[in-house]
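Remarks on the overall topology
Residues per chain, in single letters:
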Amino acid sequence: MPDRSLYDLIRDAGVVGAGGAGFPTHIKFARSPVETLIANGAECEPLIHKDKELMKRFGAQVISGLALTSEWLSSKNLIIGIKAKNRAEVDSLKTSADGRVKFCLMKDIYPAGDEFILVYEATGKLIPPGGIPLEIGCVVVNVETLYNISHAAEGVPVTEKIITISGAVKTPATFMVPIGTAYADCIVLAGGATVGNYAVLSGGAMMGELVTDMSTPVTKTTAGLIVLPVEHQQVVRRSLPPKAVKRIGASCCDQCYRCTELCPRWLLGYQIVPHEVMRSLLFAGGERQKFFSNYSLLCIECNICSLYACPEDLDPKNICTWSKRELFASGVRPDKSRAVKANPMRDGRQVPTKLLTRRLGLAPYDRDAPYTEIEFAPERVRIPLKQHAGSAAVPVVQVGQAVTKGQLVGDIYGDNLGAKVHASISGIVEAVDSFITIRRK
Ligand code: SF4
Ligand code: SF4
């Protein structure tokens, strides 16, 4: 390992949280010691298997990243959260892990990978409302982030992303692709789409976003692409305009309470109460833009309420999300001092992934997506300068300049929250705007 601090190496390599919003990892590591380090391998989105494949194939690198991180954070407890059904992946990790590493074997439920749920399952502790794991002595790091940390320690920056391509494709698979690769190129790698008109759920069927522009590039946080025909129920549902979602929600919610009873955060004891938020929409009227309820503040947008719980096919998740954003924008914050206690009914109300997959209409696409080794450099990559939380990176290359894979193309300055960006292929810089476009040499 080069003679520099892990903090600097991670910052220079542009490592960000690979499992979520792309929070720059070096910022997470600015405080030490941290008693408990938890590796998040509890991937739970239906049809997305990239963490499972990564742990099976690159278990040694994941454990190496875990060991380096635990040393840096002086952590006493090392826990890997992983689904109990993933025996081969547990075995792969155990081959490299020493006796300090404990495994938290989790049920195959959604959303097992939610940070609050994982911390509770691994330690029995609950994070304060609106808080972060550090407040109870924990840091949670996704297994792909640990893999990237092991490379950062060797001076290798983040230029590739492991993603699963599944759904209506000929050969579902998991690949390592250069960051900035267009979705269209990724779909070709999986044998191409098996339907004519399709859209993509990027990141998953529950928390991912609907994408129809196949020139969209893979970023450091893209977990996978689920290709679906445009007439699929999940594509149609996501295409409804917000005005219609509010109008239908205001006129059809019968206050049955099911969305709340199955909300995973409510079951953990947090004050997120979607049926109450729906009630505020009823009072505001569907046509009005302004409605809000403090019961929305702790929503994690997991979509259980909308896509699994609601018998009327309403959209409490989006209603909670819009309400929460309005409240946050006006300065309202959750009450951190409120006591939290898990609901005794929680165990019986968790949502099995298999059942969820069926409910989403994805069972016909529920196939293996094994890791497939490829040598792949696309003709062109478009690398976003902002693919992480915080400020966009500042370009440090010019149009016409030759760059080599791994070269810095976007930098961060001072203590700004952000992450460095590197060339993912060797070639010539074609454009510099909010992306760095590189044409292969
Ligand atoms: S999306 Fe729905 S189920 Fe998920 S946290 Fe928000 S209110 Fe609860
Ligand atoms: S589950 Fe649907 S109908 Fe029932 S309270 Fe929630 S939003 Fe209303």
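Please read these numbers as outputs of a predicted model, since none were measured by experiment.

Put simply, helix H10 (residues 242-252) and helix H13 (residues 274-284) touch, their axes get as near as 8 Å, and they point 95° apart. The angle between H10 and H13 falls in the class roughly perpendicular. On H13, the residues that touch Lys246, Gly249 and Ala250 of H10 are Met278, Leu281 and Leu282. The class makeup of the residues in the contact of H10 with H13 is 4 nonpolar, 1 polar and 1 charged.

So, about the site of ligand 1. The environment of ligand 1 is formed by 14 residues, the closest being Cys263, Cys299, Cys302, Cys305 and Lys317. Every element with two or more residues in the shell around ligand 1 is listed here: helix H14 (304-309) and helix H15 (316-329). Residues that form the shell around ligand 1 fall into these classes: 10 nonpolar, 1 polar and 3 charged.

Turning our eyes to something else, we now look at helix H1 (residues 6-13). For H1, the complete set of buried residues consists of Leu6, Leu9, Ile10, Arg11 and Ala13. Contacts made by the buried residues of H1 are with helix H2 (25-28), helix H4 (59-73) and helix H7 (143-152). The first or second residue beyond H1 is glycine 14, which carries a positive phi of 70°.

A few words on the sheet that holds strand E9 (residues 209-211). The 5 strands lie next to each other as E7-E6-E10-E8-E9, forming an open sheet whose pairing is mixed. Sheet topology places strand E7 (173-178) and E9 at the edges, where each strand pairs with a single neighbour. In this sheet, neighbouring strand axes are inclined to one another by 30° on average, regardless of whether the strands run parallel or antiparallel. Strand direction decides the pairing type here: strand E6 (residues 160-167) and strand E10 (residues 224-229), joined by 4 bridges, are parallel.

On to the sheet that holds strand E2 (residues 77-83), then. If you walk across this open sheet you meet the 4 strands as E3-E2-E1-E5, and the pairing is parallel. Whereas interior strands pair on both sides, the edge strands pair on one side only; in this sheet they are strand E3 (101-106) and strand E5 (138-142). On average, adjacent strands in this sheet sit at an angle of 25° to one another, irrespective of strand direction. By the bridge criterion, 5 bridges tie strand E1 (residues 36-41) to E5 in an arrangement that is parallel. When the bridges of E5 are listed, isoleucine 38 appears paired with valine 140.

As a further point, take the pairing of strand E12 (residues 380-384). In terms of burial, E12 is largely enclosed, as 4 of its 5 residues are buried. Examined bridge by bridge, E12 and strand E18 (residues 435-440) share 5 bridges and lie antiparallel to one another. Pairing of valine 381 across the sheet is with isoleucine 438, part of E18.

A few words now on the packing of H4 against helix H5 (residues 87-96). At their nearest, the axes of H4 and H5 sit 8 Å apart, and the two run at 55° to each other. Classified by the angle their axes make, H4 and H5 are oblique. Seen from above, H4 lies across H5 with right-handed handedness. Here H4 contributes Gly59, Ala60, Val62 and Ile63 to the contact with H5, which in turn contributes Ser92, Leu93, Thr95 and Ser96.

A general trend in soluble globular proteins is that nonpolar side chains are found buried together. Counting 127 residues, the largest nonpolar core has Ile38, Val62, Ile163, Ile165, Ile187, Leu225 and Val227 as its most contacted members. Of the residues forming this core, the biggest block, 6 residues, is contributed by H4. If we ignore the near neighbours within four places in the chain, the residues touching isoleucine 187 are Ile165, Val169, Gly192, Ala193, Leu225 and Val227.

What follows is about the domain arrangement of the protein chain. By domain assignment, the protein chain separates into domain 1 (6-152), domain 2 (159-232 + 361-376), domain 3 (242-350) and domain 4 (377-441). A separation of 23 Å is found between the C-alpha centroids of domain 2 and domain 4.

Close contacts around ligand 2 come from 15 residues, with Cys253, Cys256, Cys259, His275 and Cys310 the closest. Counting residues per element, the ones that place at least two in the shell around ligand 2 are helix H11 (258-262) and H13. Top contributing element to the shell around ligand 2 by residue count: H13, with 3 residues. Its residues assigned to classes, the shell around ligand 2 shows 10 nonpolar, 2 polar and 3 charged.

The element E5 is extensively covered by neighbouring structure, given that 5 of its 5 residues are classed as buried. Alternating residues of E5 divide into Cys138, Val140 and Asn142 and Val139 and Val141, and every residue in both groups is buried.

A few words now on helix H6 (residues 115-123). Taken as a whole, H6 has its buried residues at Glu115, Phe116, Ile117, Leu118, Val119 and Ala122. The secondary structure elements touched by the buried residues of H6 are E1, E2, E3, E5 and helix H12 (264-267). One or two residues past the end of H6 sits glycine 124, with phi positive at roughly 80°.

This brings us to the environment of alanine 193. As for its position among the elements, alanine 193 is in the loop between helix H8 (183-189) and strand E8 (198-202). For the pair formed by alanine 193 and leucine 68, sequence separation is 125 residues and the distance between their alpha carbons is 41 Å. Those residues in contact with alanine 193 that lie beyond four places of it in its chain are Ala168, Val169, Ile187, Tyr198 and Val227.

What counts and how
Residues numbered from 1 in each chain as written. Chains lettered and ligands numbered in written order. Predicted model: local features only at pLDDT ≥ 70, side-chain atom pairs only at ≥ 80, totals over all residues. Axes fitted to C-alpha atoms, helices over the stretch in contact; angles between N-to-C directions. Helix = DSSP H or I, 4+ residues; strand = E, 2+ residues; numbered from the N terminus. Parallel < 35°, antiparallel > 145°, perpendicular 65-115°, else oblique. Contact = placed C-beta atoms within 7 Å. Nonpolar A, V, L, I, M, F, W, Y, C, P; charged D, E, K, R; others polar. Near = placed C-beta within 6 Å. Buried ≥ 20, exposed ≤ 12 C-beta atoms within 10 Å, placed from the backbone. Pairing = 2+ DSSP bridges. Left-handed = near helix turned anticlockwise from the far one by under 90°. Core = buried A, V, L, I, M, F, W, Y, C linked by C-beta atoms within 7 Å. Domains from an automatic or database assignment.

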